[in-house]
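Understanding the architecture of this molecule
The residues making up each chain are set out below.
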Amino acid sequence: MKQLHKSSPTHAPSPAHAPAPKSAKPTRPGPRSWIGYLLREQRLLFVLLGALIASTFFLLRPYLSLTASSHLPDARPLFSFASRSGVPAGFRPPPRRVVVTGGAGFVGSHLVDRLLEQGDSVIVVDNFFTGRKENVAHHLRNPRFELLRHDVVEPILLEVDRIYHLACPASPVHYKYNPIKTYKTNVMGTLNMLGLAKRIGARFLLTSTSEVYGDPLEHPQKETYWGHVNPIGVRSCYDEGKRTAETLTMDYHRGGGVEVRIARIFNTYGPRMCLDDGRVVSNFVAQVCL
Ligand SMILES: O=c1ccn([C@@H]2O[C@H](COP(=O)(O)OP(=O)(O)O[C@H]3OC[C@@H](O)[C@H](O)[C@H]3O)[C@@H](O)[C@H]2O)c(=O)[nH]1
């Protein structure tokens with residue numbers, strides 16, 4: 001009877017006769033062998049080079065595709081080293097479609113200049129209560145500029161990427177002329193523009209004012225200061241109107257997911273400012289000059 005080989009623990013075969021070890025189950029290579037593998041034949045160098053090329057391609061891709069299908073006339077240069085607009089040299093965002101309410105006013109018209117200069121397409125919505133067409137007349141022949149006579153108290157439907165909401169009389173002379181209209185512009189106008197922003201997914205900027213602090217007891221005012229206000233004064237149509245506009249802006253942000261910005265602008269002065277608008281700087285200049 002053929003003797004089957006039995007391996008007995010007490011009689012270990014001599015090494016010469018030890019059966020070849022069954023091929024050990026392949027053990028997983030340890031980290032050291034992975035590192036050696038990568039470093040041999042500059043494999044790590046080639047991996048890093050590949051990652052650099054891939055990331056550069058995906059970073060440049062939005063700008064390269066823009067050249068091919070850029071439909072906007074005289075779109076901005078893709079690589080601009082003149083960073084006059086404060087955008088770091090190199091990449092600039094693709095051109096946008098924006099609406100500026102109150103864009104024929106003092107601050108708004110300078111904003112329109114800057115937006116067109118950086119290559120955006122701009123729609124100005126203004127009822128010319130205090131704004132003037134000559135503030136934007138130099139853009140009327142620009143194909144990327146449109147001017148709409150419209151009162152933001154009534155809704156408007158536009159397809160844009162950004163909404164800059166400045167429509168509101170800013171000087172006491174003008175906003176006290178018709179306080180109820182001033183408050184309606186701040187409330188209904190802001191509601192209409194926020195509703196548009198939510199509807200089309202546009203980013204919304206509200207130009208608010210230092211008047212939201214009222215007659216402040218804290219100097220200088222931090223943004224976290226709630227103010228010292230009078231809700232029933234003759235200036236409250238503007239002060240409370242802007243506070244309500246800020247409330248609506250934040251509620252559309254918190255509840256409606258609208259991306260918003262609020263800028264509380266203090267005393268401004270410069271070209272296109274009305275000398276007779278009763279504001280502190282224009283009053284000072286008028287008294288000096290006249
Ligand atoms: O109901 C209105 C009232 C005013 N407007 C327009 O809104 C523009 C306001 O421009 P103004 O020159 O009077 O005022 P400014 O440009 O100085 O201030 C403007 O921007 C900064 C904000 O803080 C102010 O609240 C805003 O009025 C004007 O073009 C005016 O015609 C409307 O379009 N609708």
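Remember, it's a predicted structure, so these values are computed and weren't measured experimentally.

**Some remarks on the sheet that holds strand β7 (residues 203-209)**
The six strands are arranged β5-β4-β3-β6-β7-β8 in an open sheet whose pairing can be described as parallel. Each end of this open sheet is capped by a strand with a single partner; those strands are β5 (145-149) and β8 (260-265). Averaged over all pairs of adjacent strands, the angle between strand axes in this sheet comes to 15°, irrespective of strand direction. Along the sheet face, helix α3 (residues 106-117) touches β3 (97-101), β4 (121-126), β5 and β6 (162-165) and points at about 170° away from the line of β3. Set on the sheet, helix α5 (residues 179-200) makes contact with β3, β6 and β7; between it and β6 the angle comes to about 170°.

**Looking at the packing of α5 against helix α6 (residues 236-256)**
Viewed as axis vectors pointing N to C, α5 and α6 meet at an angle of 15°, and their least axial separation amounts to 9 Å. The orientation of α5 relative to α6 falls into the category roughly parallel. Between α5 and α6 lies a crossing of right-handed hand. Two secondary-structure elements touch here, α5 through Pro179, Thr182, Tyr183, Asn186, Val187, Thr190, Leu191, Leu194, Gly195 and Lys198 and α6 through Cys237, Tyr238, Glu240, Gly241, Lys242, Thr244, Ala245, Leu248, Thr249, Tyr252 and Gly256. Residues belonging to the contact of α5 with α6 are distributed by class as follows: ten nonpolar, eight polar and three charged.

**What about α5?**
Over its 22 residues, α5 runs 31 Å from end to end, which matches the ideal 32 Å to within 8%, given 1.5 Å per residue. Along α5, the helix axis deviates most sharply at Thr185, where the bend reaches about 25°. Listing the buried residues of α5 in full gives Thr182, Thr185, Asn186, Val187, Gly189, Thr190, Asn192, Met193, Leu194, Leu196, Ala197 and Ile200. Here the buried face of α5 lies against β3, β6, α4 (172-175), β7 and α6.

**Overview of the environment of Phe204**
Looking at the secondary structure, you find Phe204 in strand β7. Among the residues examined, Phe204 registers a relative accessible area of 1% and is labelled buried. Considered as a pair, Phe204 and Leu111 are 93 residues apart in the sequence and their alpha carbons are 15 Å apart.

**Quick word on the nonpolar core**
Ranked by size, the top nonpolar core spans 22 residues in total, and within it Val99, Val125, Leu158, Val160, Ile163, Met193 and Phe204 carry the most contacts. Mapped onto this core, the elements with two or more residues apiece are β4, α5, β7 and α6. Broken down by element, the residue count for this core peaks at six residues, all from α5. If sequence neighbours within four positions are ignored, Val125 has contacts with Val99, Val100, Thr101, Gly102, Gly103, Leu148, His150, Val152, Ile156 and Leu158. If you look at the next biggest cluster of nonpolar residues, it comprises twelve residues, including Val98, Val112, Leu116 and Leu166.

Procedures and definitions
- Residues numbered from 1 in each chain as written.
- Predicted model: local features only at pLDDT ≥ 70, side-chain atom pairs only at ≥ 80, totals over all residues.
- Heavy atoms only, no water.
- Pairing = 2+ DSSP bridges.
- Helix = DSSP H or I, 4+ residues; strand = E, 2+ residues; numbered from the N terminus.
- Axes fitted to C-alpha atoms, helices over the stretch in contact; angles between N-to-C directions.
- Contact = heavy atoms within 4.5 Å.
- Parallel < 35°, antiparallel > 145°, perpendicular 65-115°, else oblique.
- Left-handed = near helix turned anticlockwise from the far one by under 90°.
- Nonpolar A, V, L, I, M, F, W, Y, C, P; charged D, E, K, R; others polar.
- Expected span 1.5 Å × (residues − 1).
- Bend = angle between axes of the 7 residues up to and from the residue.
- Buried < 20%, exposed > 50% of the residue type's maximum accessible area, 1.4 Å probe, protein only.
- Core = buried A, V, L, I, M, F, W, Y, C linked by side-chain atoms within 4.5 Å.

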